[in-house]
Amino acid sequence: MRPAVARTRAELADLLSARRAAGERVALVPTMGALHAGHASLMTVAREAVAAGGPAGGPLVVSIFVNPLQFGPGEDLDRYPRTFDADLEVCARAGVDVVFAPSVDEVYPGGLPQVTVHPGPLGDVLEGRTRPGHFAGVLTVVAKLFGLVRPDVAVFGQKDYQQLVLIARMAADLCLGVEVLGAETRREDDGLALSSRNVYLDPAQRRDAVALSRALRAAGEAGAARGGPAALDAARAVLDAADGVDLDYLELALPDLSPLPADVAADTEARLLVAARVGATRLIDNLPLTLAAVDGAHPRDPDH
Ligand code: PAF
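Residues numbered from 1 in each chain as written. Predicted model: local features only at pLDDT ≥ 70, side-chain atom pairs only at ≥ 80, totals over all residues. Heavy atoms only, no water.

> Describe the pattern of salt bridges, listing the residues and the values that go with them.
Scanning the entire structure with this criterion turns up 15 salt bridges. Among the ionic pairs, Arg19 bridges to Glu24, the shortest N-O distance being 2.7 Å. In this structure Arg19 comes out as partly exposed when scored by relative accessible area, which is 28%. With its nearest N and O atoms 3.8 Å apart, the salt bridge here joins Asp160 to Lys159. Each of Arg19, Glu24, Arg47 and Asp97 takes part in a single network of salt bridges with overlapping partners. (Salt bridge = Lys/Arg side-chain N within 4 Å of Asp/Glu carboxyl O. Buried < 20%, exposed > 50% of the residue type's maximum accessible area, 1.4 Å probe, protein only.)

Here it is as C-alpha cells:
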C-alpha cells in the first residue's frame, strides 16, 4: 500500500494525532530522498523498533527533505538527486505509513532560522573540517523534524557515522526524548557503501571508488593483528595505490569519535573513517575495528 503523503505540518499532525493518542509509538527515518536499499534497511530497523514496543506497533514516518541549511556554498544542493515518485515506491515496499515531504517554506517559514543547534567540538573535526556549518544544518533540521513528528524512535545510517554520533549526542544532551538508533551500512557486492551520491560516478570513477571500502577492510585485518598504526598504514597503502582517489582524511577514533589514546588495551573497539574525492564526488565511509594492543600508537594520521 502506498503511504499517505503529508506536505504540511497540519497534514502530518492530522495523520499522526489519533495514533499517538491511542498510545502507539512513532518511528521516524529522516532522509533527503533519492532512496536506495540502504534507506530501506533503515525503515526495516525502524519498523522492528516500534513493533518491539507492543503488539499494536505504530506508524512509521519517513521524511523526505533536501535541507538547504546543511549544504555549503559550491556544494551539490541544486543537483542533489530528487526522485520523489521512485522514493514513494521504496516507501510502499517497506511498509511506510506516512511520508512527510514538506517544502523549504514549510520547514523554514520566514526564511532560515535565527536559532540553530550548535554541534560543539565534534562538529569541527572530520567532515566538519571540510564542511564548516554542515553539522549545525543537520542538527537544526533533525531537531525540527523531531519537533514536528515527535517520534519515539529515529533511525539513521552508520554510513554517516559522525552525523549519527552527533544526533545521538544532541538527543541525549538536549533531553529530546527520542531513542536514536544506528543501522549498519549497506554495501554493493564489491564493498562500495550505498549512497545517494553514487549516481554522480561515471563507470571509471565507480571502479575507483571501491578503494575506500577496500582500504577499510585491509585496515580491519591489520588492526586486529597489529593495532592502530598498522591499521592506518594498511588503509593508506590501498588508497595510495588507487587511481583517481583524492584523499581528504583517514582517521582512527574511539566509537564516540573521541581521540584514540596512544596506548590501547587489547581488543579496543574503534572506528576508522575515510573521506575522499573521486572525480568531483566526495565520498565517505567508515568501519568498526577491533584493535590489538601496541605501544606508541599514532591515533590520528599526522598528514591529514
Ligand atoms: O543523512 C541525511 O540524509 C541527512 O543529513 C538528514 C539526516 C536527513 C538531515 O537532513
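Past the structure itself, the notes keep going.
> Lay out the environment of Leu247 with the relevant residues and their values.
Along the chain, Leu247 turns up in strand β7 (residues 245-253). A residue is classified by how much of its surface remains accessible, and Leu247, at 17% relative accessible area, is buried. For the pair Leu247 and Val274, spaced 27 residues apart in sequence, the C-alpha to C-alpha distance is 7.9 Å. (Helix = DSSP H or I, 4+ residues; strand = E, 2+ residues; numbered from the N terminus.)

> Describe in detail the packing of helix α8 (residues 203-226) against helix α9 (residues 228-241), supporting the description with residues and values.
Across the interface, α8 lies against α9 with an axial gap of 7 Å and an inter-helix angle of 155°. Here α8 is positioned roughly antiparallel relative to α9, judged by the angle of their axes. At the point where α8 passes α9, the crossing takes the right-handed sense. Here Ala211, Leu212, Arg214, Ala215, Ala218, Ala219, Ala222, Gly223 and Arg226 of α8 come into contact with α9, specifically with Gly228, Ala230, Ala231, Ala234, Ala235, Val238 and Leu239. (Axes fitted to C-alpha atoms, helices over the stretch in contact; angles between N-to-C directions. Parallel < 35°, antiparallel > 145°, perpendicular 65-115°, else oblique. Left-handed = near helix turned anticlockwise from the far one by under 90°. Contact = heavy atoms within 4.5 Å.)

> I'd like to hear about the site of the ligand, residue by residue, with values.
Taken together, Pro30, Thr31, Met32, Asn67, Gln70, Val141, Phe156 and Gln163 are the residues near the ligand. Within the side chain of Gln70, one N or O atom sits 2.6 Å away from an oxygen atom of the ligand. Gln163 is positioned such that a nitrogen or oxygen atom in its side chain is 2.7 Å from an oxygen atom of the ligand. Burial of the ligand by the surrounding chains reaches 89%, relative to a free accessible area of 290 Å². Of the residues in the shell around the ligand, the class split is four nonpolar, four polar and no charged. (Near = heavy atom within 4 Å. Polar contact = N/O pair within 3.5 Å; in protein donor to acceptor, adjacent residues only side chain to side chain. Areas by Shrake-Rupley, 256 points an atom, 1.4 Å probe, with all protein chains shown as cover. Nonpolar A, V, L, I, M, F, W, Y, C, P; charged D, E, K, R; others polar.)

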